[in-house]
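The lines below spell out each chain.
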Amino acid sequence: MDFSSDYKNRADEIAALFEATFTASEGAREGQLIGTLARDLIAKTKDDDLFVFSSWDGDALTGCIMFSRLSFDQDERTVFVLAPVAVATARHGQGIGQKLLTFGLDALRAAGVDVAITYGDPNYYSKVGFAPITEEVAKAPLKLAHPEGWLGQSLTGGPLEPLKGSSRCVDALNSPDYW
Ligand SMILES: CC(C)(COP(=O)(O)OP(=O)(O)OC[C@H]1O[C@@H](n2cnc3c(N)ncnc32)[C@H](O)[C@@H]1OP(=O)(O)O)[C@@H](O)C(=O)NCCC(=O)NCCS
C-alpha cells in the first residue's frame, strides 16, 4: 500500500471514489452529496487550508481522507477538521482506513497542526485517537445534527484545552447538508 498527499491531478478519481463508496453504504443521494463535497474541497480550498491523503494499490485508489482548516476567531492554535473519509467498498475491513488515518494524522503533526477534529462514528474514530468532545471544547461552525459525533484530539502530546471563540470552516464545507 502506498500513501500520497498529492491530489491536484487526481480530483476526478478521488471524487469518484467518494461518490461510489457513499452510494454503496448510504444510497445515491448521499453518494452524490459526498462526491460533490470532495470535488468542491479540492477545487475551492486554498492549498494552505487543505490536506488530502490517499492510499493506492498500484494504480488503484483504495482510500482517501481530507482535512480542511477550522479557524477559531479567538485562538491561535492550528486546527483542521477531518471530512470526508472513504475506503473503496471492496477493500473494507482490511485496515486501510486506520492506516491512512494514522498516516494523515502523523503528517498533520509534522506540519505543526495542534488539534484535529472530526464528525463521525465515535466507535470507529476512537481507534485512531479521537474522543467525544462538547461544544464547550470546540464550537462547531454550523449546528450539529448529531452532537454525539463531535470528536477531537490534541496532536501536541498535551491535553486538548478548550478552543476559544467561534469557528469557521472552509467554503466547501459551509452547508447544513454536511453537519
Ligand atoms: C468507515 C470506513 C472508512 C472504515 O474503513 P476500513 O478500511 O474498512 O476500516 P479498517 O479496516 O481500518 O477498520 C476496521 C474496523 O473498524 C470497524 N468499523 C468499520 N466501519 C465502521 C463504522 N462505520 N462504525 C464503527 N466501526 C466501524 C470494523 O468493525 C473493524 O473493527 P475491528 O478492527 O475491531 O475488527 C469504511 O468502511 C468506509 O469507507 N465506509 C463508507 C463511508 C463512511 O462511512 N465513511 C466514514 C463517514 S464518518
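Notes on the structure in this doc start here. Please read all numbers here as calculations on a predicted model, not as lab measurements.

1. What about the overall build of the protein chain?
Then, in step 1: Within the protein chain, the regular secondary structure consists of four helices and nine strands.
Then, in step 2: Across the protein chain, helices and strands are ordered from the amino to the carboxyl terminus as β-α-α-β-β-β-β-α-β-α-β-β-β.
Then, in step 3: Whereas a compact globule of 179 residues would reach a radius of gyration of roughly 16 Å, the protein chain reaches 15 Å, a difference of no more than 12%.
Then, in step 4: The principal-axis extents of the C-alpha atoms in the protein chain amount to approximately 45 × 30 × 30 Å.
Then, in step 5: With an accessible surface of roughly 8900 Å², the protein chain has 48% of that area assigned to carbon and sulfur atoms.
Then, in step 6: Computed over 16 positive and 25 negative side-chain charges, the separation of the two mean positions in the protein chain equals 1 Å.

2. What to know about the environment of Ser 68
Then, in step 1: Looking at the secondary structure, you find Ser 68 in strand β3 (residues 60-69).
Then, in step 2: In the structure, Ser 68 is positioned 16 residues away from Pro 84 in sequence and 9.8 Å away in space, judged by C-alpha atoms.
Then, in step 3: Ser 68 has contacts with Leu 41, Asp 49, Leu 50, Val 79, Phe 80, Val 81, Val 170 and Leu 173, leaving out every residue within four places of it along the chain.

3. So, the packing of helix α1 (residues 11-26) against helix α2 (residues 28-44)
Then, in step 1: Relative orientation of the contacting elements α1 and α2 amounts to 155°, with a least axis distance of 7 Å. Classified by the angle their axes make, α1 and α2 are roughly antiparallel. When the axes of α1 and α2 are compared, the crossing they make is right-handed. Contact residues: Ala 11, Asp 12, Ile 14, Ala 15, Phe 18, Glu 19, Phe 22, Thr 23 and Glu 26 in α1; Ala 28, Glu 30, Gly 31, Gln 32, Ile 34, Gly 35, Ala 38, Arg 39 and Ile 42 in α2.
Then, in step 2: A class-by-class count of the residues in the contact of α1 with α2 yields nine nonpolar, four polar and five charged.

4. Comments concerning the packing of aromatic side chains
Then, in step 1: In this structure the tally under the stated criterion is ten aromatic pairs.
Then, in step 2: Taking the centre distance of 4.8 Å and the plane angle of 20° together, the rings of Phe 3 and Phe 103 count as stacked. Taken together, the positions of Phe 3 in strand β1 (residues 2-4) and Phe 103 in helix α3 (residues 96-110) put the pair 100 residues apart, joining distant regions of the chain.
Then, in step 3: A residue is classified by how much of its surface remains accessible, and Phe 3, at 29% relative accessible area, is partly exposed.

5. Considerations on the site of the ligand
Then, in step 1: Looking at the ligand, there are 17 residues lining it, with Val 87, Gly 93, Gly 95, Gly 97 and Gln 98 nearest.
Then, in step 2: At 2.9 Å from an oxygen atom of the ligand is found a main-chain nitrogen or oxygen belonging to Val 87.
Then, in step 3: Contacts to the ligand include Gly 95, whose backbone N or O atom sits 2.6 Å from an oxygen atom.
Then, in step 4: When the ligand sits alone it has 880 Å² of accessible area, and the protein chains cover 64% of it.

6. A few points about unusual backbone geometry
Then, in step 1: Going from Ala 83 to Pro 84, the amide bond is cis rather than trans, its omega being -5°.
Then, in step 2: With respect to the helices and strands, Pro 84 occurs in strand β5 (residues 79-87).

The rules behind these values
- Residue positions are given per chain, counted from 1 along the sequence in the order it is written.
- Whole-chain, interface and lining totals are the exception, using all residues; otherwise, since this is a predicted model, local features are given only for residues with pLDDT of at least 70 and side-chain atom pairs are given and counted only at 80 or more.
- Side-chain descriptors were evaluated using all non-hydrogen atoms of the structure, hydrogens and water having been removed beforehand.
- Helix and strand definitions here come from DSSP, where helices need a minimum of 4 consecutive H or I residues and strands a minimum of 2 consecutive E residues; each element is numbered from the N-terminal end.
- A radius of gyration in this sense is built from C-alpha atoms; the matching globule rule multiplies 2.2 Å by the number of residues raised to 0.38.
- With residues, only the protein chains shown are counted as cover, and all accessible areas are computed by Shrake-Rupley using a 1.4 Å probe.
- Here Asp and Glu are counted as negative and Lys and Arg as positive; His is not counted, and neither are the chain ends.
- Every charge is mapped to an atom, namely NZ of Lys, CZ of Arg, CG of Asp or CD of Glu.
- Should any heavy atoms of two residues lie within 4.5 Å, those residues are considered in contact.
- In this analysis an axis means a line fitted to C-alpha atoms, helices contributing only their contacting stretch, and an angle means the value between N-to-C directions, from 0 to 180 degrees.
- Comment on the angle field: the value is read as roughly parallel under 35 degrees, roughly antiparallel over 145, roughly perpendicular from 65 to 115, and oblique elsewhere.
- A clockwise turn of the near helix away from the far one marks a right-handed crossing, whereas an anticlockwise turn of less than a right angle marks a left-handed crossing.
- Residues are grouped as follows: nonpolar covers Ala, Val, Leu, Ile, Met, Phe, Trp, Tyr, Cys and Pro; charged covers Asp, Glu, Lys and Arg; every other residue, Gly included, is treated as polar.
- Geometry of aromatic contacts follows a simple scheme: Phe, Tyr and Trp rings, the Trp one being its six-membered ring, pair when their centres are within 6.5 Å, and the pair is stacked under 30 degrees between planes, edge-to-face over 60, tilted otherwise.
- Exposure categories follow from relative accessible area, calculated using a 1.4 Å probe and restricted to protein chains: below 20% of the type maximum is buried, above 50% is exposed, and the middle band is partly exposed.
- Put simply, a residue is near a molecule or strand once any heavy atom of it comes within 4 Å of that molecule or strand.
- What qualifies as a polar contact is a pair of N or O atoms within 3.5 Å, subject to a donor-acceptor requirement within protein and to the restriction that residues adjacent in sequence count only when both atoms come from side chains.

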